[in-house]
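Architecture at a glance
Residue strings, one per chain:
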Amino acid sequence: MVQPTIPPYSYSGLFRFTIRPFNSWALALKNASSPRKALDLYSQMHRRSIPFDSFSILFMLNSCAPLHNSNLIAHLHSHILKLGFISHVYVATSLLRAYVLASFNYARKLFDETPERNVVTWNIMITGYSRSGDINKAHALFEAMPLRDVASWSAMIAAFMNNGKLNSGFSCFREMVASERYKPDQLTVGLALGGCAHMGSLGLLVGKSVHGFMVKNGWGLDVKIGTILVDMYAKCGLLKLACIVFNLMQQRNVMTWTALICGFAQHGYSEEALSFFEAMQDIGVRPNELTFTGILNACAHRGLVEEGRKYFNMIEQNGLEARIQHYGCMVDLFGKAGLLEEAYQLITTMKVEPNVVIWGSFLSGCKEHKQFEIAERVTKQLLERIEPESDAGVYSLICDLYVLNGKWDDAERVRKVMVGQNVRKVRGSSFITRS
DNA sequence: CGGATTGGCG
């Protein structure tokens, strides 16, 4: 007997028989290059009285979700209610996700008030609790949900990993494998291996067993899987194994090369990283933004100023945009080389707003090379702009610089602000123990 | 003619 195929609109009788003329505006919203552009289209649709269908409102939600603007989402929410699309499962889940990103309290309210929950909504809420740092609530939700799928497990593993509970993340992964009801996919395994990269030698142990799982289940070394493995081994410092996996792969893409390059750069093998980069270009693989981060890191590590300049210029030559990390590497490189004027020039002319990382490397360059004049030039405006409680490192750098320069009064003044705000310098740790 | 929700990013 022939089974009837369930039409995609069968979840709600409301939409099954509605006549839906093709809406090219929806496509435009989907392909909107930026949230700004999407908003522009949205208001144009209002002005020209273009009717909204479920697609246009859905794409609108997705395009604007990265803005994290709860007012905007609330506006779209009321529009959705007005159109009656709140009973549309896809629209409703997208709305929930947008709320999770913008304002988790609203999302929680919406979730609590909506009786129609499904796996996807539960999964979204797990991520929501994870993002707000409430790992216990996330886990409770995971335990309480009536039905799970691979995404639920991934969400839970990611929640543990992102909240520094690496061991719990691994046990969750093991539990998933042991249950034999759910098969980890590339994303799940990627999460597990990503956690390994932050655990040093212990991570390597787990990583190898995850690798074993992949082999046992007959996962071939395709580009994605191979790249994940290269990345894990490289990050753990097992560069030889990273190379072995790399060589075993039949096909490689930019990310494969980038994983190798970043790994070597990160562990101080700058020359190797640079020669991999040349080899990559020789066979015609175009670098991306992350590749350049690795390369510039390699240069900063060895103090290769000339090469650094050359590679930095190559970013735009490759049709890419210099990101804040690239500027950070350059400031670090210039700062370590004592070229503080050049570093300052770069900071003032760069297209993105400098962050504390940038100012931090700049000031430590000043400290190392005793360049107090130029440090003082930026300190004054910097003190007005940054928050003492969030940028403790920069504050103590400023303090150090004043002390080294013999400006005790200024040092005392900055110190008082720090004490008043109860600023403590966060100590570095080789183990992730974020709480 | 045609399009669609979740898990994670460096």
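Residues numbered from 1 in each chain as written. Chains lettered and ligands numbered in written order. Predicted model: local features only at pLDDT ≥ 70, side-chain atom pairs only at ≥ 80, totals over all residues. Heavy atoms only, no water.

Looking up chain A in an unreviewed UniProt entry gives the name Pentatricopeptide repeat-containing protein At1g33350-like, with the organism given as Herrania umbratica.

Here the focus is the overall build of chain A. Scanning chain A from N- to C-terminus turns up 25 helices and zero strands. For chain A, the spread of C-alpha atoms along the principal axes amounts to about 85 × 55 × 45 Å. Burial status across chain A gives 46% buried among its 435 residues. When the accessible surface of chain A is split by element, carbon and sulfur atoms take 54% of a total near 23600 Å². A distance of 6 Å separates the average location of the 45 positive side-chain charges in chain A from that of its 37 negative side-chain charges. (Helix = DSSP H or I, 4+ residues; strand = E, 2+ residues; numbered from the N terminus. Buried < 20%, exposed > 50% of the residue type's maximum accessible area, 1.4 Å probe, protein only. Areas by Shrake-Rupley, 256 points an atom, 1.4 Å probe, with all protein chains shown as cover. Lys, Arg positive; Asp, Glu negative; His and termini not counted. Charge placed at Lys NZ, Arg CZ, Asp CG, Glu CD.)

What follows covers empty space enclosed by the protein. A full pass over the atoms with the stated rule returns one cavity of 30 Å³ or more. Taken as a whole, the largest cavity holds about 60 Å³ of empty space. Going through the elements one at a time, α23 (372-385) and α24 (392-404) are the ones with two or more residues in the lining of the largest cavity. The dominant element in the lining of the largest cavity, judged by the number of residues it contributes, is α23, at four residues. Across the lining of the largest cavity, the residue classes break down as five nonpolar, two polar and one charged. (1 Å grid on protein atoms, 1.4 Å probe; cavity = no way out; pocket = protein on both sides within 12 Å on 5 of 7 lines; lining within 4 Å. Points joined across faces, edges and corners; volume = space filled by probe spheres on them. Nonpolar A, V, L, I, M, F, W, Y, C, P; charged D, E, K, R; others polar.)

Take the nonpolar core next. Grouped together as the largest cluster of nonpolar side chains are 137 residues, with contacts concentrated most on M156, F362 and L363. What L363 contacts, discounting residues up to four positions off in sequence, is A375, V378, L382, V394, L397, I398 and L401. (Core = buried A, V, L, I, M, F, W, Y, C linked by side-chain atoms within 4.5 Å. Contact = heavy atoms within 4.5 Å.)

Before going further, it helps to spend a moment on the pattern of salt bridges. Side chains that carry opposite charge are capable of pairing whenever their charged atoms lie near each other. In total, this model carries ten salt bridges according to the counting rule given. The salt bridge partner of E306 is R309, with a shortest N-O separation of 2.6 Å. With E306 and R309 both in helix α19 (residues 305-317) and three residues apart, this pair spans about one turn of that helix. For E342, the salt bridge is made with R309, and the minimal N-O distance between the two is 2.9 Å. In this pair, E342 sits in helix α21 (residues 340-349) while R309 sits in helix α19, placing the two residues 33 residues apart along the sequence. Classification of E342 by relative accessible area gives partly exposed; the value is 29%. The exposure class assigned to R309 is partly exposed, which follows from its relative accessible area of 25%. When salt bridges with common partners are traced through the structure, they connect E306, R309 and E342 into a single cluster. (Salt bridge = Lys/Arg side-chain N within 4 Å of Asp/Glu carboxyl O.)

Next up on the list: the environment of C329. Mapped onto the elements of the fold, C329 is located in helix α20 (residues 324-337). Overall, the relative accessible area of 8% leaves C329 in the buried class. Residues C329 and I295, 34 residues apart in the sequence, show an inter-C-alpha distance of 9.4 Å. Other than its neighbours up to four places away in sequence, C329 contacts T293, L296, N297 and A300.

Another point: the UniProt feature "repeat: PPR" (unreviewed entry) in chain A. In the numbering used here, UniProt assigns the feature "repeat: PPR" (unreviewed entry) to residues 118-152, 253-287 and 288-322. With 74% helix and 0% strand, residues 253-287 has its two end C-alpha atoms placed 10 Å apart. Secondary structure content for residues 288-322 is 77% helix and 0% strand, while the C-alpha to C-alpha distance between its ends is 11 Å. (UniProt positions renumbered as here; feature names shortened; annotations may be inferred.)

Moving on, we get to the domain arrangement of chain A. Domain assignment breaks chain A into domain 1 (11-116), domain 2 (253-322) and domain 3 (348-427). The straight-line distance from the C-alpha centre of domain 2 to that of domain 3 is 30 Å. (Domains from an automatic or database assignment.)

Once that is clear, we can look at helix α6 (residues 89-102). The first and last C-alpha atoms of α6 sit 20 Å apart over 14 residues, in line with the 20 Å expected at 1.5 Å per residue. Every buried residue belonging to α6 is among V91, T93, S94, L95, L96, A98, Y99, V100 and L101, and all of these are buried. Structurally, α6 contributes buried residues whose contacts are with α4 (54-64), α5 (70-83), α7 (104-113) and α8 (119-131). (Expected span 1.5 Å × (residues − 1).)

Take helix α17 (residues 270-282) next. Owing to its 3.6 residues per turn, the α-helix brings residues three or four apart onto one side. The end-to-end C-alpha distance of α17 is 19 Å, a good match for the 18 Å that 13 residues give at a rise of 1.5 Å each. Among the residues of α17, S270, A273, L274, F276, F277 and M280 are the ones counted as buried. Buried residues of α17, viewed axially, fall in a sector of 155°; they line one side. In this structure, the buried residues of α17 make contact with α16 (254-266), α18 (289-302) and α19. Looking at the residues trailing α17, positive phi occurs at G284, about 85°. (Arc of directions from axis to C-beta.)

Tracing the chain through its elements places C299 in helix α18. Look at C299 and you get buried, because its relative accessible area is 0%. Along the chain, C299 and C329 lie 30 residues apart, while their C-alpha atoms are 8.5 Å from each other. Those residues within four positions of C299 in sequence are excluded, and the remaining contacts are L274, L304, E307, G308, Y311 and L333.

Axes are the key here: two packed helices are described by the angle between their axes and the distance separating the axes. It is the contact of α23 with α24, at a shortest axis distance of 11 Å, that shows an interaxial angle of 140°. By the angle class used here, α23 and α24 are oblique. Where α23 crosses over α24, the two elements pack in a sense that is left-handed. On the side of α23, the interface is formed by F372, A375, E376, T379, L382 and L383, while α24 contributes V394, Y395, I398, L401, Y402 and L404. (Axes fitted to C-alpha atoms, helices over the stretch in contact; angles between N-to-C directions. Parallel < 35°, antiparallel > 145°, perpendicular 65-115°, else oblique. Left-handed = near helix turned anticlockwise from the far one by under 90°.)

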